[in-house]
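In case you want the letters, here they are:
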Amino acid sequence: MDWEDDHELVASLARSAVARTAADELPFFELTAAGFLAGSERARRTARKDEPLGFGGDAALVLISTAALTVTVDVLKQLSQYYSERLVQGAARRTRGWFRRRSTAAAAPAGVPLPRLSADQIAELRELAYRRAKDAQVPDASAALIADAIVGGIVTRSEAHDEQQ
């Protein structure tokens, strides 16, 4: 499952990080998110990591919203990798024919719940989120808040789904 392609999930997680970190950006968040999510993956991937996010290169204005969206996409990519690894491990224990059908199947459909994560995976995702926020030149305290909000949102959604079942 490619959760990073779920625009609603990305925006929701990033919005909670912005609310905790830079609430003054919330009135502009929807517009920022729409522009960010409409941008191509290739454009985001080729952006120089040492340039600040925001308006005008010389202004060096760091937008927490843009950083939070970028971090959310990166964290959800890692989460998708965890999920894929779990699918492959489970398939490897089954028959080879079933494995072939499963590995060539399309990605999980939208609405697939976020998986339950181990404590180690939660710590890894939190560290990834923090590092990505720092790469976007977000101050330490704000980077920590972004990381906590995004990973906390993922864990909360995962646990809420488990309780519903």
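Note that residues are indexed from 1 along each chain, following the sequence as it is written. In keeping with the predicted nature of the model, local features appear solely for residues at pLDDT of at least 70, side-chain atom pairs appear and are counted solely at 80 or more, and the whole-chain, interface and lining totals rest on all residues. Side-chain measures were taken over the full set of non-hydrogen atoms in the model, leaving aside hydrogen atoms and water.

### Digging into the environment of A68
Per the convention used, a helix needs a DSSP run of H or I reaching at least four residues, while a strand needs a run of E reaching at least two, with both numbered from the N terminus. Within the secondary structure, A68 is located in helix α4 (residues 64-92). Along the primary structure A68 and A136 are separated by 68 residues, whereas in three dimensions their C-alpha atoms are 9.3 Å apart. Two residues form a contact once any of their heavy atoms are found within 4.5 Å. Residues within four places of A68 in sequence aside, it is in contact with A14, A17, V18, I146 and I150.

### Quick word on helix α6 (residues 119-135)
Residue pairs three or four apart in sequence face the same way in an α-helix, which turns once every 3.6 residues. A rise of 1.5 Å per residue sets the reference length of α6, with its 17 residues, at 24 Å; its end C-alpha atoms lie 24 Å apart and thus fit the reference within 8%. Listing the buried residues of α6 in full gives L125, L128, A129 and A133. Viewed end-on, α6 has its buried residues packed into an arc of 130 degrees, placing them on one side of the element. In α6, those exposed residues whose orientation departs by more than 90 degrees from the buried face are A119 and D120. Downstream of α6 by a residue or two, Q137 has a phi angle that is positive, lying close to 65 degrees. Helix span, as expected, comes to 1.5 Å for every residue beyond the first. Burial classes: relative accessible area under 20% of the type maximum marks a residue as buried, over 50% as exposed, and values in between as partly exposed (1.4 Å probe, protein chains only). Note that the arc is defined by the directions from the helix axis to the C-beta atoms.

### A word on the packing of helix α1 (residues 7-21) against helix α2 (residues 26-38)
Pairs of packed helices are described in terms of their axes, by the angle between the two and the distance that separates them. Axes, fitted as lines to C-alpha atoms, cover a helix only where it is in contact. Angles between the N-to-C directions of the axes lie from 0 to 180 degrees. The interhelical angle for the contact between α1 and α2, taken along N-to-C directions, is 145 degrees, at an axis separation of 11 Å. α2 is crossed by α1, and the crossing has right-handed handedness. On the side of α1, the interface is formed by H7, V10, A11, A14, R15, V18 and A19, while α2 contributes L26, F29, E30 and L37. Each residue is assigned to one of three groups, with Ala, Val, Leu, Ile, Met, Phe, Trp, Tyr, Cys and Pro labelled nonpolar, Asp, Glu, Lys and Arg labelled charged, and all others, Gly among them, labelled polar. Across the contact of α1 with α2, the residue classes tally to eight nonpolar, one polar and two charged. Take the far helix as the reference: if the near one is turned anticlockwise from it by less than a right angle, the crossing is left-handed, and if turned clockwise, right-handed.

### Comments concerning the nonpolar core
The nonpolar core is taken to be a set of buried Ala, Val, Leu, Ile, Met, Phe, Trp, Tyr and Cys residues, with the residues joined through side-chain atoms within 4.5 Å. Among the nonpolar cores identified, the biggest contains 40 residues, and V75, L76, L79, V138 and I154 are the most heavily contacted of them. At the level of elements, α1, α2, α4, α6 and α7 (140-164) are the ones that each hand at least two residues to this core. No other element matches α4, which puts eleven residues into this core.

### Description of the pattern of salt bridges
In what follows, salt bridge is the name for a side-chain nitrogen of Lys or Arg lying within 4 Å of a carboxyl oxygen of Asp or Glu. Counted according to the given criterion, the structure contains five salt bridges. The salt bridge partner of R15 is E30, with a shortest N-O separation of 2.9 Å. Pair noted here: R15 is in helix α1 and E30 is in helix α2, with a separation of 15 residues, a long-range link. Among the residues examined, R15 registers a relative accessible area of 30% and is labelled partly exposed. Note that E127 and R131 form a salt bridge whose closest N and O atoms lie 3.9 Å from each other. Of the two residues, E127 and R131 are both situated in helix α6; the distance of four residues between them amounts to about one turn of the helix. Note on E127: relative accessible area 37%, which makes it partly exposed. Residue classification places R131 among the partly exposed positions, given a relative accessible area of 39%.

### Let's talk about the confidence of the model for the protein
Across the protein, pLDDT averages 77, with 65% of residues at or above 70. Confidence scores per residue from the predictor, reported as pLDDT, run from 0 to 100. Least confident of the elements in the protein is helix α5 (residues 96-104), whose mean pLDDT is 49; most confident is α6, at 95. Every residue in residues 50-62 is under pLDDT 50, and counting partners more than four places away or in other chains gives 20 contacts. Below a pLDDT of 50 lies the segment residues 103-109, which in the model reaches four contacts outside its immediate sequence neighbourhood of four places, other chains included.

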